[in-house]
Amino acid sequence: MTQSRNVGFIGLGSMGSAMAPRLLENGHAVIAYDVNPSARAAFAAAGGLAGDSVEEVGNRADMVFTSLPSPQIVRQVAAELAGTRVGIVVDLSTIGSRASAEAAGLLAQHGRSFADAPVSGGRAGALAGKLTLMLAAPAAVQEEVAPLLSHFGKVIPVGMQPGQAQTMKLINNIMSVVALAATSEGMAMGVKAGLDPHVMLDVLNMSSGQNSATRDKFPRAVVPRTFDFGFATGLSLKDVRLCLDEAQALGVPMMLGNLAKTMLDITAAQFGADADFTMMARVVEQWAGVEIG
Ligand code: NAD
């Protein structure tokens, strides 16, 4: 068990509401804030302390975690935290390397430390404490935050500069959307040809076509028709846009990444940005005139 600490948590959405309670379960005192009052009430019901503002969290906790939906919001919350007594801000969001470096710079001007720590594994991984956490921060900061991050899952240091973990995370996410698109096409084809989708997944998961969509998204959210994997199309689009921007700045062409973005654009146009990104399979189903599952 790690030493008990006073920590803060800002952003109790799909991920934060699963991660913050793990800090409580591991004996830390946690004060949390979300702009959504019902998210704050749910955290209080789980035994945590609900704060009234970002400022209050920053003044009462020496380490604050953030799990927020966009680069703009992380920058804004980092600016608010910079004026408080907080020592270290640990950002778990996916915001791209530029925003992460900017948040770090903003906090550094006020003598505060920053750790770039995006996560992979979805809400199910967050609930189970089985996320993958990519960590980029100076060595001393890594040493201080890693024991707390380990309550969320496996911590993999990727560099000393905030922003490096973001780059790693964006690469992972664009590859996962490409896999979702390719799996939607393959599964629609097989079912239209008369194959059983469960049998298809059994074969794929023991063959070279296996990927995160065949192992998890299709068995859990597409074949059972629940489309509740837990990741919104709009959030996925944000990640893919950030990745394509960074790739372009580096001079790396991403043709498949651009196609994956188009598939997400169509999914969002048809079902809304809040629809689960596994709804991409429904788009392909409509084109193919078939239902997978
Ligand atoms: P979400 O939209 O469900 O949650 C974000 C929360 O932040 C909401 O509850 C919202 O009310 C709150 N919020 C917004 N502005 C705020 C502010 N100014 N102050 C305080 N709270 C504010 O998003 P999520 O799915 O939990 O994702 C959070 C981050 O984690 C995103 O950057 C996302 O890309 C990343 N992520 C998500 C997943 C996933 O599977 N959902 C997986 C890995 C990484």
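Calculation notes
- Residues numbered from 1 in each chain as written.
- Predicted model: local features only at pLDDT ≥ 70, side-chain atom pairs only at ≥ 80, totals over all residues.
- Heavy atoms only, no water.
- UniProt positions renumbered as here; feature names shortened; annotations may be inferred.
- Helix = DSSP H or I, 4+ residues; strand = E, 2+ residues; numbered from the N terminus.
- Phe/Tyr/Trp six-rings, centres within 6.5 Å; stacked < 30°, edge-to-face > 60°.
- Buried < 20%, exposed > 50% of the residue type's maximum accessible area, 1.4 Å probe, protein only.
- Pairing = 2+ DSSP bridges.
- Right-handed = clockwise from strand over helix to strand, strands pointing away.
- Contact = heavy atoms within 4.5 Å.

Description of the UniProt feature "domain: 6-phosphogluconate dehydrogenase NADP-binding" (unreviewed entry) in the protein chain
- UniProt annotation of "domain: 6-phosphogluconate dehydrogenase NADP-binding" (unreviewed entry) refers to residues 6–156 when read in the numbering used here.
- Secondary structure across residues 6–156 divides into 45% helix and 24% strand, with the first and last C-alpha atoms of the span separated by 24 Å.

A look at the packing of aromatic side chains
- All chains considered together, the criterion is met by four aromatic pairs.
- Aromatic side chains Phe9 and Phe65 sit 6.1 Å apart centroid to centroid with 20° between the ring planes, which places their arrangement in the stacked category. With Phe9 in strand E1 (residues 6–10) and Phe65 in strand E4 (residues 63–66), this residue pair connects regions lying 56 residues apart in the sequence.
- Phe9 sits in the buried class, given a relative accessible area of 0%.
- Classification of Phe65 as buried rests on a relative accessible area of 0%.

Brief notes about the pairing of strand E6 (residues 113–116)
- For strand E5 (residues 88–91) and E6, the ladder comprises four bridges, and the chain directions are parallel. The residue of E6 that forms the bridge with Val89 is Phe114.
- Read as a crossover between parallel neighbours, the route from E5 over helix H5 (residues 97–108) to E6 is right-handed.

Examining the environment of Thr233
- Position of Thr233 among the secondary structure elements: in helix H11 (residues 233–250).
- A relative accessible area of 0% means that Thr233 is categorised as buried.
- Considering only alpha carbons, one finds Thr233 and Gly125, 108 residues apart in sequence, at a separation of 19 Å.
- Residues within four places of Thr233 in sequence aside, it is in contact with Leu264, Thr267, Ala268, Gly272, Ala273, Ala275, Asp276 and Phe277.

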